[in-house]
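These are the residues of each chain, in order.
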Amino acid sequence: MTFIDDLLARMTLEEKLGQLNLVTATLPLPEDRAADIRAGKIGGLLGGLVDCSFGVGGPDAAREIQAIAVEQSRLGIPLLLAYDVIHGHQTVLPIPLALSCSWNLGHVETAARIAAREATACGLNWVFSPMLDICRDPRWGRIAEGAGEDPYLGARIAEAMVRGLQGADLADPESVMACIKHFIAYGAAEGGRDYNNADVSPARLADVYLPPFRAALEAGAGSAMMSFAAVNGVPSHADADHLRLLDGVLRVSDFNAIPEMIAHGLGDEHGGIDADDPLQTLSERALRAGVQMDMMGHGFASRLPAALAAGRVSQAEIDAACRAVLEAKARLGLFDDPFGRCDQARAARNLLAPEYRVAARQLAADSCVLLKNAGDLLPLAAPGLSVAVVGPLADDAWNILGPWSFQGDPASAVTVLDGIHAVPGVTVHHARGANLVEDRRMLDLLNFAGPKVTLDPRPPAEMVAEAVAVAEAADVVVAVLGEAAEMSGEAASRMDIGLPPGQRVLLEALHATGKPVVLVLLHGRPLTLPWEAEHIPAILATWFGGCETGNAIADLLFGLRNPCGRLTTTWPRHVGQVPLAYDRATTGRPGSRDNDPGKYTTRCYLDGASEPLFPFGFGLGYTRFAYGPPAASASQLGPDDTLTVSLSVTNTGARSGEEVVQMYVTDPVASVVRPGKQLKGFEKIVLAPGETRTVRFRLTTRDLEFHTPRGDRVWEPGRFVIGIGPDSDTLQTLTVHWRR
Ligand code: NOJ
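Residues numbered from 1 in each chain as written. Predicted model: local features only at pLDDT ≥ 70, side-chain atom pairs only at ≥ 80, totals over all residues. Heavy atoms only, no water.

**Quick notes on the overall build of the chain**
Along its length, the chain carries 22 helices and 27 strands. Dimensions along the principal axes, computed over C-alpha positions, put the chain at roughly 75 × 65 × 50 Å. Here the chain has roughly 26800 Å² of accessible surface; of this, 52% comes from carbon and sulfur atoms. Across the chain, the 65 positively charged side chains and the 88 negatively charged ones have centroids separated by 5 Å. (Helix = DSSP H or I, 4+ residues; strand = E, 2+ residues; numbered from the N terminus. Areas by Shrake-Rupley, 256 points an atom, 1.4 Å probe, with all protein chains shown as cover. Lys, Arg positive; Asp, Glu negative; His and termini not counted. Charge placed at Lys NZ, Arg CZ, Asp CG, Glu CD.)

So, in C-alpha cells, the structure goes:
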C-alpha cells in the first residue's frame with residue numbers, strides 16, 4: 001500500500017472533501033479560515049497570501065498558515081498555496097502576449113523561472129499560469145495573458161513556461177506547480193466578450209485550441225483550470241469528454257465557476273435540476289465530469305455528502321479527486337518538507353534580485369515590435385538631442401506594470417520618462433498632453449482595484465496646447481500613448497480597439513507641428529491604427545513591459561539594442577475585421593487585396609481593404625536581412641522521409657541584429673478546406689553586419705497532420721508549398737510532393 005493509499009484509508013469523508021476545497025485567504029488570516037484548516041476542511045488557499053506588503057512579508061505568513069495545516073490538523077496534510085503569478089511576481093515582467101513577441105523560448109523560460117523563484121520565496125507552491133488560450137479576437141481583454149493566435153508557437157511557449165515554472169524537479173523548493181488554463185477555447189469567446197461561450201468545431205478545437213495544452217501536458221504540467229465558457233453548448237466544468245483529455249493532472253475549477261453554471265441554465269445530464277438545491281446538482285455534475293478541486297464554489301464541500309448519500313456520486317469518484325490533490329502535494333514535496341518554500345533568507349536574496357531586473361530589461365526590450373520606421377527615424381542619435389516626451393503614459397509607473405501585477409511596486413518601476421532622462425546627452429521636456437481616458441464611467445471601471453488612472457482636471461485643449469509648445473521646442477517628439485493596464489486582462493474587453501479619442505487628438509496635433517514623431521505604444525492587445533500607420537513615421541509597440549519598461553524603451557529608441565520582436569497576432573485595420581488570423585483559409589472567391597471595384601466577386605468589404613494592417617510574424621529592426629532562395633533536400637518524398645529545407649540569411653545592414661526566420665506550410669488541395677498557411681517552424685538568429693547563416697528546417701508527415709470533421713487525425717499525400725521568410729506575408733516558396 002502506498003503512502004497515499006494509506007492516507008486515504010484514514011480520511012473521513014469530510015477530510016476528503018476538504019482536500020477538494022480551494023478558498024481565498026487574506027492576511028491576517030481570518031479565524032474562521034484558520035479553524036477550517038485545523039478541521040481539515042481546506043485543501044488549498046489562493047490569493048491574498050502575500051498581499052501583506054510589497055516587501056518580504058510572504059514566507060513567514062505562509063509558514064504560519066502551513067503550520068496550522070501540518071501541525072494542528074488531525075492528519076497534518078499540507079496546503080496548496082496558490083496565486084495568480086502571470087507575468088513575474090515582485091519583479092514584474094512583460095505581459096505574456098509581449099513576451100511571445102520575442103519568439104525567444106529561452107526568454108520565456110527565464111521569465112517563468114524568475115517568477116517561480118520569487119513566488120516560491122514567498123511560500124507559494126502553485127501558480128495559475130500559463131494561460132494557453134489561443135485568441136484571434138483582440139477585443140477580448142485576456143488576449144494580453146496568452147501567446148497570441150498561433151497553435152504551433154503557442155505550443156512551444158507552453159512547453160517553455162512549464163519548464164521554467166516547474167524546473168527539473170517539482171519537489172525542488174524553487175519549483176512551483178503550473179496550472180494550464182483555461183480549458184478550453186476560452187479565447188474563442190463570441191464577440192470577444194469575456195466569459196462568453198463559443199461554438200468551435202471538433203476539428204478546429206483539436207487543430208487550433210488544443211495544441212498548446214497537449215504540449216504543456218507532455219512537458220509535465222501538474223494541473224489545469226477549466227474555462228468559464230460553454231463550448232458547443234457544454235460549460236467546460238461539466239464537459240466529461242473534454243476533461244478526459246486532462247487525465248493525469250490535477251483539474252481545478254475556475255473561481256466560483258461551478259455555481260455559475262446555474263446562470264448558464266445547465267441542469268444534470270438529463271436536463272433536470274434539483275429545484276431546492278441547484279448547486280448540489282451542478283457540483284455532482286462537475287465531479288462526475290472530472291473536476292477535482294472546487295475554487296470558491298463551496299459546493300463540493302457542502303453538497304457532495306448529500307449527493308453521496310443519495311447515490312448520485314460514488315465514493316470512488318470522491319476518492320479519485322482527493323487522490324489527485326494528494327498526489328499533487330506529494331509531487332511538490334510538501335509531505336516531506338512543507339516549509340521548504342517558506343524561507344525568509346531566500347526571500348531576502350531572491351525577491352527583486354538585481355539580476356532579475358537586468359533580465360527584465362532585456363525581456364522587455366526583446367518583446368517590443370517596431371512596426372514602422374520611415375526614413376530610418378530610429379534609432380535617435382543621443383548627443384545634443386532635445387526630445388519632447390509627451391503623453392499620458394510617459395510618466396506613468398502604474399500602468400506600465402500591466403494587468404495581473406498585484407505584487408508589483410510602482411515605486412520601483414522605471415517610467416519611459418525616467419528611461420529617456422537616463423540617456424546621456426539628451427535634453428528632455430515633458431508634457432502630459434492628454435488624459436488616458438476622459439470618460440468618467442471608463443475611469444471608474446479602470447480604477448476598480450485602486451487608483452491606477454488619474455485625471456488631469458485641465459481642459460483637454462489646454463493640455464494639448466502645452467504639449468504642442470513642448471514639441472515645437474524639441475528636435476523630436478516621443479509620444480507615449482495607448483491603453484491603461486486595466487483595459488486588458490480579465491473582464492476588460494473593448495469594442496473599439498483604437499487609441500482613446502483624446503489621445504488621438506493629441507497625436508494629430510503633435511503630427512501637425514511638423515516635428516518627427518515616434519509613437520511609443522503601451523497596450524495589452526493589437527490596436528487598430530490605420531491613421532497612425534499612414535501619418536506617423538515611427539511606431540514601436542511595447543505592450544506592458546513591466547518594471548524595466550522605461551529603460552528597455554530607451555535602449556531601443558537610442559539604439560543600444562536592436563528591436564527584434566515580431567507580432568504573434570494579426571493586427572486588423574478596423575475592429576470590423578475581427579476575428580482575423582494569418583491562417584485563414586481562402587474562400588471560393590478569394591478576392592484581391594484592393595477589392596477591385598470592377599469585380600464584385602472579389603470584394604470582401606465595401607468600406608475598406610480586407611487585409612490586416614500588420615501581418616502575423618511582422619516586425620522591423622535597425623538592420624536589413626537578405627534571404628537566399630530556399631532549397632529542399634528532395635522534391636518527391638515518401639511517408640517516412642524527412643524533408644530538410646534550407647536557406648541562407650545575410651545581414652546586409654551596418655548593425656548587428658536578430659532575425660526570426662519563419663517557415664509556413666500550405667496544403668493546397670485536400671479532402672477538406674485547409675488553412676491558407678500554417679507556421680511549422682521558426683528560428684531566431686543573431687547576425688553581425690555582413691554575416692551569413694544557413695538556417696535549416698525539418699518536416700515530416702507528422703507536421704502535416706490535421707483533424708477531419710469526423711475527428712480522425714490524418715495527413716494526406718500530395719503537393720505542399722513551403723514558405724520561408726521574415727513574416728507570414730513575405731515568403732519565398734518551393735513545392736514538394738509527398739506520397740503515401
Ligand atoms: C478567474 C480567472 O479566470 C483565472 O484565470 C484566475 O486564475 C482565477 N480567477 C483566480 O484568480
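Now, onward.
**Observations concerning the site of the ligand**
As a matter of local geometry, the ligand sits amid Asp84, Phe128, Arg142, Lys181, His182, Met225, Phe228, Asp254, Phe255, Met295 and Glu490. Between the ligand and Asp84, the relevant distance is 2.4 Å, taken from an oxygen atom to a side-chain nitrogen or oxygen of the residue. With respect to the ligand, the side chain of Arg142 contributes an N or O atom lying 2.7 Å from an oxygen atom. Here the ligand has 300 Å² of accessible area as a free molecule, and 93% of this is covered by the chains. Considering only residue class, the shell around the ligand consists of 5 nonpolar, 1 polar and 5 charged. (Near = heavy atom within 4 Å. Polar contact = N/O pair within 3.5 Å; in protein donor to acceptor, adjacent residues only side chain to side chain. Nonpolar A, V, L, I, M, F, W, Y, C, P; charged D, E, K, R; others polar.)

**Observations concerning helix H3 (residues 31-38)**
Among the residues of H3, Arg33, Ala34 and Ile37 are the ones counted as buried. The buried residues of H3 occupy an angular sector of 100° when projected down its axis, which confines them to one face. Of the exposed residues in H3, the ones pointing more than 90 degrees away from its buried face are Glu31 and Asp32. (Buried < 20%, exposed > 50% of the residue type's maximum accessible area, 1.4 Å probe, protein only. Arc of directions from axis to C-beta.)

**Here's the deal with the pattern of salt bridges**
Opposite charge on two side chains makes pairing possible when the charged atoms of those side chains draw close. Using the criterion set out here, one finds 38 salt bridges in the structure. As a salt-bridge pair, Glu490 and Arg142 come within 3.8 Å of each other at their nearest N and O atoms. Taken as a pair, Glu490 in the loop between strand S14 (476-482) and helix H20 (501-512) and Arg142 in the loop between strand S4 (126-127) and helix H7 (151-166) lie far apart in primary sequence, 348 residues in all. Overall, the relative accessible area of 31% leaves Glu490 in the partly exposed class. Since its relative accessible area comes to 1%, Arg142 is described here as buried. Where Glu190 meets Arg193, a salt bridge forms, and the shortest distance between an N and an O atom there is 3.8 Å. For Glu190, a relative accessible area of 41% puts it in the partly exposed group. (Salt bridge = Lys/Arg side-chain N within 4 Å of Asp/Glu carboxyl O.)

**As for the sheet that holds strand S22 (residues 678-687)**
Pairing is mixed across the open sheet formed by 5 strands, whose spatial order is S19-S27-S26-S21-S22. Of all the strands in the sheet, the pair left with one neighbour each is strand S19 (636-637) and S22. Bridge count between strand S21 (residues 657-666) and strand S26 (residues 718-727): 5 bridges; the pairing is antiparallel. Its bridge partner being in S26, Met663 is matched across the sheet by Ile724. (Pairing = 2+ DSSP bridges.)

**Considerations on the packing of aromatic side chains**
A full pass over the atoms with the stated rule returns 17 aromatic pairs. Ring centres of Phe3 and Phe335 lie 4.8 Å apart, and the angle between their planes is 80°; this geometry places the pair in the edge-to-face category. Of this pair, Phe3 sits in helix H1 (residues 3-10) while Phe335 sits in the loop between helix H14 (315-331) and helix H15 (344-350), placing them 332 residues apart in sequence. The class of Phe3 is partly exposed, set by a relative accessible area of 44%. When the centroid spacing of 5.9 Å and the interplanar angle of 80° are considered together, the rings of Trp543 and Trp571 count as edge-to-face. (Phe/Tyr/Trp six-rings, centres within 6.5 Å; stacked < 30°, edge-to-face > 60°.)

**Points about the pairing of strand S27 (residues 730-738)**
Two strands pair when backbone bridges link them, and S19 and S27 are joined in this way by 2 bridges, in the parallel orientation. Looking across to S27, one finds that Gln636 is bridged to His737. Both S26 and S27 contribute to a ladder of 8 bridges, which runs antiparallel. Paired with Gly723 across the bridge in S27 is Thr733. Adjacent in sequence and paired antiparallel, S26 and S27 are bridged by 2 residues.

**A look at the packing of H1 against H14**
It is the contact of H1 with H14, at a shortest axis distance of 10 Å, that shows an interaxial angle of 130°. With respect to their mutual orientation, H1 and H14 come out oblique. Here the hand of the crossing between H1 and H14 comes out right-handed. Touching Ile4, Asp5, Leu7 and Leu8 of H1 are Asp319, Cys322, Arg323, Leu326, Glu327 and Ala330, all from H14. (Axes fitted to C-alpha atoms, helices over the stretch in contact; angles between N-to-C directions. Parallel < 35°, antiparallel > 145°, perpendicular 65-115°, else oblique. Left-handed = near helix turned anticlockwise from the far one by under 90°. Contact = heavy atoms within 4.5 Å.)

**Here's the deal with the sheet that holds strand S10 (residues 294-295)**
Within a sheet, each strand pairs with its neighbour through backbone hydrogen bonds, oriented either parallel or antiparallel. Taken together, 5 strands build an open sheet; the order of strands is S4-S3-S2-S1-S10 and the sheet is parallel. The sheet is open, and its two borders are formed by S4 and S10, each paired with just one other strand. Here strand S1 (residues 21-24) runs beside S10; their pairing, made up of 2 bridges, is parallel. Paired with Leu22 across the two strands is Met295, which belongs to S10.

**Considering the nonpolar core**
Ranked by size, the top nonpolar core spans 213 residues in total, and within it Leu45, Trp126, Ile420, Leu557, Phe558 and Trp571 carry the most contacts. One finds Phe697, Leu699, Leu734 and Val736 within the second-largest nonpolar core, a separate group that totals 23 residues. (Core = buried A, V, L, I, M, F, W, Y, C linked by side-chain atoms within 4.5 Å.)

**Looking at the pairing of strand S13 (residues 426-431)**
Examined bridge by bridge, strand S12 (residues 385-390) and S13 share 6 bridges and lie parallel to one another. Following the sheet pairing, Val389 is matched in S13 by His430.

**Topic: the side chain of Thr415**
Within the secondary structure layout, Thr415 lies in the loop between S12 and helix H17 (416-421). Residue classification places Thr415 among the buried positions, given a relative accessible area of 4%. At 2.9 Å, the side chain of Thr415 forms a polar contact with the backbone nitrogen of Asp418. Setting aside its immediate chain neighbours within four residues, Thr415 contacts Ala394, Asp395, Asp396, Ala397, Ile400 and Gly550.

**A few points about the environment of Glu683**
Considering the arrangement of structural elements, one finds Glu683 in strand S22. For Glu683, a relative accessible area of 32% corresponds to the partly exposed category. Put simply, Glu683 and Asn104 are 579 residues apart on the chain and 8.8 Å apart in space, counted from C-alpha to C-alpha. Ignoring sequence-local partners within four residues, the contact set of Glu683 consists of Glu659, Val660, Val661, Val695, Arg696 and Phe697.

**Considerations on the confidence of the model for the chain**
Reading fine detail from the predicted coordinates is not recommended where pLDDT is low. For the chain, the mean per-residue pLDDT works out to 95, and 97% of the residues sit at or above 70. Of the regions scoring below 50 in pLDDT, residues 52-57 engages in 15 contacts with residues more than four places distant in sequence or in other chains. (pLDDT = per-residue confidence, 0-100.)

**Section: the environment of Val92**
Note on placement: Val92 falls in the loop between strand S3 (80-83) and helix H5 (96-100). Owing to a relative accessible area of 1%, Val92 belongs among the buried residues under this scheme. For the pair formed by Val92 and Leu352, sequence separation is 260 residues and the distance between their alpha carbons is 9.0 Å. Leaving out residues up to four positions away in the same chain, Val92 has contacts with His87, Leu401, Ser405, Gly408, Gly545, Gly546 and Cys547.

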